[in-house]
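# An overview of the molecular structure
Below are the chains, spelled out letter by letter.
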Protein chains: 2
Amino acid sequence: MIETIHVNLNNYSYNIYIGEYIFNNMFISSIFLKNKNNVLITNKKIEKKILKNKNQYFYKILNKIHYFSINDGENYKNLYEVEKIISFLLNNLYGRDLNLIALGGGVIGDITGFVASIFQRGVNFFQIPTTLLSQVDASIGGKAGVNHILGKNMIGSFWQPKGVFIDIKFLSTLPKKELLSGIAEIIKYAIVFDKIFFIWLENNLFKVLNLQKKELLYCIKKCCELKVKIIENDEKEIGNRVFLNLGHSFAHAIETFTGYGKWLHGNAVSVGIIMSSYLSFYLKYLKKSELLNIINIFNNIGLPIIGPSTMLPLDYLKLMMRDKKVINKNLRLVIPVSIGKVKLISSIKENILLDSITACQERRFFS
Amino acid sequence: MIETIHVNLNNYSYNIYIGEYIFNNMFISSIFLKNKNNVLITNKKIEKKILKNKNQYFYKILNKIHYFSINDGENYKNLYEVEKIISFLLNNLYGRDLNLIALGGGVIGDITGFVASIFQRGVNFFQIPTTLLSQVDASIGGKAGVNHILGKNMIGSFWQPKGVFIDIKFLSTLPKKELLSGIAEIIKYAIVFDKIFFIWLENNLFKVLNLQKKELLYCIKKCCELKVKIIENDEKEIGNRVFLNLGHSFAHAIETFTGYGKWLHGNAVSVGIIMSSYLSFYLKYLKKSELLNIINIFNNIGLPIIGPSTMLPLDYLKLMMRDKKVINKNLRLVIPVSIGKVKLISSIKENILLDSITACQERRFFS
Ligand SMILES: NC(=O)c1ccc[n+]([C@@H]2O[C@H](COP(=O)([O-])OP(=O)(O)OC[C@H]3O[C@@H](n4cnc5c(N)ncnc54)[C@H](O)[C@@H]3O)[C@@H](O)[C@H]2O)c1
Ligand SMILES: NC(=O)c1ccc[n+]([C@@H]2O[C@H](COP(=O)([O-])OP(=O)(O)OC[C@H]3O[C@@H](n4cnc5c(N)ncnc54)[C@H](O)[C@@H]3O)[C@@H](O)[C@H]2O)c1
């Protein structure tokens, strides 16, 4: 069975399809086979594992599409690769009637969406997310972009896909550490929106990690629904969509500091959520017991709760001041006030932020 | 007196202000002086001629704004300069509340608008056009973008300014060949939309070229009004906005072939309009007398009517196939069917196009 979630954004509405073996579906396969202007963007690793892997059931569909591969990795999510993709498209005389297809994780999705938004002032694109992280998060919502050496995702646009095709079959070749990275974003949704989901995760996360079909599909669908509800009301992140950035100011600082690709995005998000939760506890919003629950859920599944040892609290501060949530040089941060509820705080005193980062780095959560 | 044209694009509406000494107006000057997050983007030539020129009345306003200069010229309208501007903004900790101000001709306007559309997924920007071409055309309508080595304006977006500030005082330092280049776009409007305006131009074009205030202001306002009417109905160029591209498929081919900056945009447009007009005559749409009127108006004012001698008809064809109007590898072209009326044609036979380019290049207009 294929589950369909409709994303209602007026002229930019689209469907998310979720299931197993979804490319066997006639309607879906025809989207990818019938159109002469499809170009698939992927990376060299996925080219090998998916496109050229005859043992995979989707080989017969996806391998028929004209494609272009960039290098694999977060450190290739930049303007130079964007230009390479565009050169490929122009050399092959693709025009405004092009459909780009992103086949890969969040990196491929973000860069392909961005190219789609700027190639000849905008063309259609589709998302086929192949990592857990991109299936629950990155492929939905239309945030596209690339990194700048001075900051993550600093160059980008809002550009909605025309369809998102989520097949859990892709996850069978995904390394465990990448699955874990996706789990971090799943936990994020629960902390931001839904205490009951959080409790469900406390009991079922290992099943998700082991790709047990029922739990996995439930979990992906749940996250998609939560995200869709938010973006339908706030496509351009003027309001509540910012809540989805829980932990991300810290996470982006870690990723920028250590060099793109050194820390997996989900791992950085895990640490970032711990840091925002601790800050909230420090500011007397979050209860000690809930802080403990949050630390435990990440820790138990094997996600990091401490940032890189080489990174000083001041390093965080400096990089966080470049965050997109900074307004008038005033840092704004999302923190959980309880599990299932977050708020945006601003005018945070520097010394409070530094103290609380220090405490986290030294594991002094409750001293 | 300051004329105001309102551009009605729902959430993206804005005003165009046209006049002389407009920065003496309190309301206008306050926009540029009161906001701490203004950053002006310009080039090194304009920096010297306008920003740092104490003899210019607008010095006292514009010189107070934090600014960044890129190199001067069409060949710097590319992704590398985009990245430089973004580095400057990030190094100075500008965030989403930034207002970018484009001070310059179409090159600065196009690149600044593009940066505004992708910096942290989009920030506000204002246009202060300082060339005739940008005052009558490039600064209005929200087409932003940069060139790719394989084709002009191939990378870009639609991103509306929050205001356009047109002061004819800027034109006093503009070289005559640049004024002429702007004149080509002015003639374009007349051929596309308005025979009466065409006749007015036949009689008054030299006054415009000599910057006679009354005629100049009339002409700028007229062009802005014509453009605004089109974009209000078709912001994203799905319909009639394409008419504004009369001559541009040929022009972009010339600019790409000769190397960006070698041929002024307006000069290339002049040749492009002659070529589309001749094609129209060849296809028995345009009358001989009107073709003659069109050739004469460009020729009399001193604009080129023949393309670069090194460029073969096949060179045009190859480059035109990368035009944004190509759909399904099918070239579409705007041609004038009479003065004041154009149409979009498609499925043009290659040999017809080649023949008619050859005839133009050999000046065999009526043989
Ligand atoms: N746009 C958004 O809303 C959004 C949201 C969250 C994260 N992101 C971005 O997503 C990126 C992280 O995404 P990611 O975690 O998917 O990383 P990723 O895209 O780098 O993929 C992780 C690794 O897995 C490989 N891979 C992908 N699919 C595979 C498969 N089926 N089998 C084997 N290997 C496979 C990739 O080649 C890569 O090496 C970050 O750049 C982050 O900023 C974007
Ligand atoms: N976005 C649009 O809708 C649109 C429409 C038409 C053209 N364009 C683009 O505009 C560009 C051409 O614009 P342009 O003709 O203004 O060229 P330009 O921006 O290169 O300016 C021409 C020259 O005049 C100089 N200059 C500018 N103002 C001056 C002043 N007041 N005094 C002295 N020198 C001055 C510039 O530094 C430059 O050397 C092309 O890239 C074209 O593609 C865009």
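Residues numbered from 1 in each chain as written. Chains lettered and ligands numbered in written order. Predicted model: local features only at pLDDT ≥ 70, side-chain atom pairs only at ≥ 80, totals over all residues. Heavy atoms only, no water.

Convention followed: UniProt positions are given in the numbering used here, feature names are shortened, and annotations may be inferred rather than shown by experiment.
Under an unreviewed UniProt entry, the name given to chain A is 3-dehydroquinate synthase, and the source organism is Buchnera aphidicola. Within the UniProt record for chain A, the comment given under Function (unreviewed entry) is "Catalyzes the conversion of 3-deoxy-D-arabino-heptulosonate 7-phosphate (DAHP) to dehydroquinate (DHQ)." Its UniProt record gives chain A a comment under Subcellular location (unreviewed entry), which states: "Cytoplasm".

## Some words on the UniProt feature "domain: 3-dehydroquinate synthase C-terminal" (unreviewed entry) in chain A
Condition: Secondary structure elements are defined from DSSP: runs of H or I of at least 4 residues count as helices, runs of E of at least 2 residues count as strands, and each element is numbered from the N terminus.
When the UniProt feature table is mapped to this numbering, "domain: 3-dehydroquinate synthase C-terminal" (unreviewed entry) covers residues 182-326 of chain A. Annotated as 68% helix and 0% strand, the span residues 182-326 of chain A places its first and last C-alpha atoms 26 Å apart.

## A short note on the site of ligand 2
Residues and elements named next belong to chain B. The condition is simple: A molecule or strand has a residue near it when one of that residue's heavy atoms lies within 4 Å. Think of a polar contact as two N or O atoms within 3.5 Å of one another; within protein, one of them needs to be a possible hydrogen donor and the other a possible acceptor, and neighboring residues in sequence only count if both atoms come from side chains.
Taken together, 27 residues form the shell around ligand 2, and within it Glu-74, Thr-130, Thr-131, Lys-152 and Thr-173 come nearest. At a separation of 2.9 Å, a nitrogen atom of ligand 2 approaches a polar side-chain atom of Asp-110. Measuring from a nitrogen atom of ligand 2, one finds a backbone N or O atom of Phe-170 at 3.0 Å. Secondary-structure elements contributing two or more residues to the shell around ligand 2 are helix H2 (44-51), helix H5 (106-118), helix H6 (132-138), strand S8 (151-158) and helix H7 (176-193). The element best represented in the shell around ligand 2 is H2, accounting for four residues.

## Topic: the relation of the copies chain B and chain A
Stated formally: Residues reaching a pLDDT of at least 70 in both copies supply the C-alpha atoms on which the copies are superposed by least squares. The criterion used for residue contact is that any of the two residues' heavy atoms lie within 4.5 Å.
Its rotation angle being 180 degrees, the transformation that places chain B on chain A also includes 0.0 Å of axial translation and leaves an RMSD of 0.0 Å. The superposition of one copy onto the other is thereby described by a two-fold rotation axis. For chain B, the smallest separation between a C-alpha atom and the rotation axis is recorded for Leu-79 of chain B, amounting to 3.8 Å. With an isologous cut-off of 70% or more, the 100% of interface residues of chain B that recur at the interface of chain A puts this contact in the isologous class.

## Topic: the interface of chain B and chain A
Heads up, the condition is: Buried surface area refers to the total accessible area, computed with a probe of radius 1.4 Å, that the two partners give up upon joining, counted for both partners together. Salt bridges are identified by distance alone: a Lys or Arg side-chain nitrogen within 4 Å of an Asp or Glu carboxyl oxygen. Under the grouping applied here, Gly and all other residues not named as nonpolar or charged are polar, the nonpolar ones being Ala, Val, Leu, Ile, Met, Phe, Trp, Tyr, Cys and Pro and the charged ones Asp, Glu, Lys and Arg.
Contact residues are listed per partner, giving 40 residues for chain B and 40 residues for chain A. The junction of chain B with chain A conceals about 3900 Å² of combined surface from both sides, 53% of it contributed by carbon and sulfur atoms. Applying the counting rule to chain B against chain A returns two salt bridges. A salt bridge links Arg-96 of chain A to Glu-237 of chain B; the shortest N-O distance between them is 3.7 Å. Linking chain B to chain A there are 12 residue pairs in polar contact (both at pLDDT 80 or more). Examining the composition of the side of chain B that touches chain A, we find that seven residues originate from one element, helix H4 (residues 79-91) of chain B, more than from any other. Taken together, the residues of the side of chain B that touches chain A break down into 17 nonpolar, 12 polar and 11 charged.

## A look at the domain arrangement of chain A
All names here are of chain A. Filter applied, for reference: Note that the domain bounds reflect an automated or database-derived domain assignment.
With domains assigned, chain A is organised as domain 1 (3-173) and domain 2 (179-366). Distance from the C-alpha centre of domain 1 to the C-alpha centre of domain 2: 26 Å. Tallying the contact residues gives 35 residues for domain 1 and 37 residues for domain 2. Both faces considered, domain 1 and domain 2 share a buried interface measuring about 3200 Å² in area, 68% of it formed by carbon and sulfur atoms. Joining domain 1 to domain 2, the criterion identifies six salt bridges. Between Asp-137 and Lys-188 there is a salt bridge, with the nearest N and O atoms lying 3.1 Å from each other.

## Some thoughts on the packing of aromatic side chains
The condition that has to hold: Between 30 and 60 degrees the pair is tilted, below 30 it is stacked and above 60 it is edge-to-face, where a pair is any two Phe, Tyr or Trp rings, Trp via its six-membered ring, whose centres lie within 6.5 Å. Only protein chains enter the accessibility calculation, which uses a 1.4 Å probe; a residue is then buried when its area is under 20% of its type maximum, exposed when over 50%, and partly exposed in between.
Scanning the entire structure with this criterion turns up 35 aromatic pairs over all chains. On the basis of an interplanar angle of 55 degrees and a centroid distance of 6.1 Å, the ring pair of Phe-126 of chain A and Phe-165 of chain A is categorised as tilted. Of this pair, Phe-126 of chain A sits in strand S6 (residues 124-129) while Phe-165 of chain A is found in strand S9 (residues 163-167), placing the two residues 39 residues apart along the sequence. Summarising the burial analysis for this pair, Phe-126 of chain A and Phe-165 of chain A share the class buried. For the ring pair Tyr-278 of chain B and Phe-281 of chain B, a centre distance of 5.9 Å and an interplane angle of 50 degrees mean the geometry is tilted. Residue Tyr-278 of chain B and its partner Phe-281 of chain B are located together in helix H11 (residues 265-282), separated by three residues, close to a single helical turn. You can call Tyr-278 of chain B buried: its relative accessible area is 6%. In this structure Phe-281 of chain B comes out as partly exposed when scored by relative accessible area, which is 23%.

## Digging into the environment of Leu-89 of chain A
All names here are of chain A. Mapped onto the fold, Leu-89 is located in helix H4 (residues 79-91). Given a relative accessible area of 0%, Leu-89 falls into the buried group. C-alpha of Leu-89 to C-alpha of Lys-176: the two residues are 87 residues apart in sequence and 34 Å apart in space. With residues near it in sequence (within four places) discarded, Leu-89 still touches Val-39, Tyr-94, Leu-98, Leu-100, Val-115 and Phe-119.

## A short note on the site of ligand 1
Residue and element names in this part refer to chain A. Threshold: Note on areas: Shrake-Rupley with a 1.4 Å probe; residue coverage comes only from the protein chains shown.
Taken together, the neighbourhood of ligand 1 is formed by 27 residues, with Glu-74, Thr-130, Thr-131, Lys-152 and Thr-173 sitting nearest. Between ligand 1 and Ala-138 there is a distance of 3.4 Å, counted from a nitrogen atom to a backbone nitrogen or oxygen. Here ligand 1, which alone exposes 860 Å², has 94% of that area covered by the protein. Only helix H2 (44-51), helix H5 (106-118), helix H6 (132-138), strand S8 (151-158) and helix H7 (176-193) provide two or more residues apiece to the shell around ligand 1. Ranked by the residues each element gives to the shell around ligand 1, the list is headed by H2, at four residues. Here the shell around ligand 1 is composed, by residue class, of seven nonpolar, eight polar and 12 charged.

## What about the side chain of Gln-361 of chain A?
All names here are of chain A. Its location among the elements puts Gln-361 in helix H14 (residues 350-361). Of the polar contacts made by the side chain of Gln-361, one reaches the backbone nitrogen of Gly-307; its length is 3.0 Å. Residue contacts for Gln-361: discarding those within four places in its chain leaves Met-275, Ile-306, Gly-307, Pro-308, Met-311 and Tyr-316.

## Quick look at the packing of helix H13 (residues 313-320) of chain B against helix H14 (residues 350-361) of chain B
Residues and elements named next belong to chain B. So the rule is basically this: Helix axes are fitted to C-alpha atoms over the stretch in contact, other axes to C-alpha atoms as well, and angles between N-to-C directions run from 0 to 180 degrees. For this classification, under 35 degrees means roughly parallel, over 145 means roughly antiparallel, 65 to 115 means roughly perpendicular, and everything else is oblique. Crossings are classed by handedness, with left-handed meaning an anticlockwise turn of the near helix from the far one by less than a right angle and right-handed meaning a clockwise turn.
Taken N-terminus to C-terminus, the directions of H13 and H14 make an angle of 130 degrees; their axes are 9 Å apart at the nearest point. Taken as axis vectors, H13 and H14 run oblique relative to one another. Helix-helix and strand crossings are classified by hand; for H13 and H14 the assignment is right-handed. For the pair formed by H13 and H14, the contact residues are Pro-313, Leu-314, Tyr-316, Leu-317 and Met-320 on the first element and Glu-350, Leu-353, Leu-354, Ile-357, Thr-358 and Gln-361 on the second. Within the contact of H13 with H14, the residues separate by chemical class into eight nonpolar, two polar and one charged.

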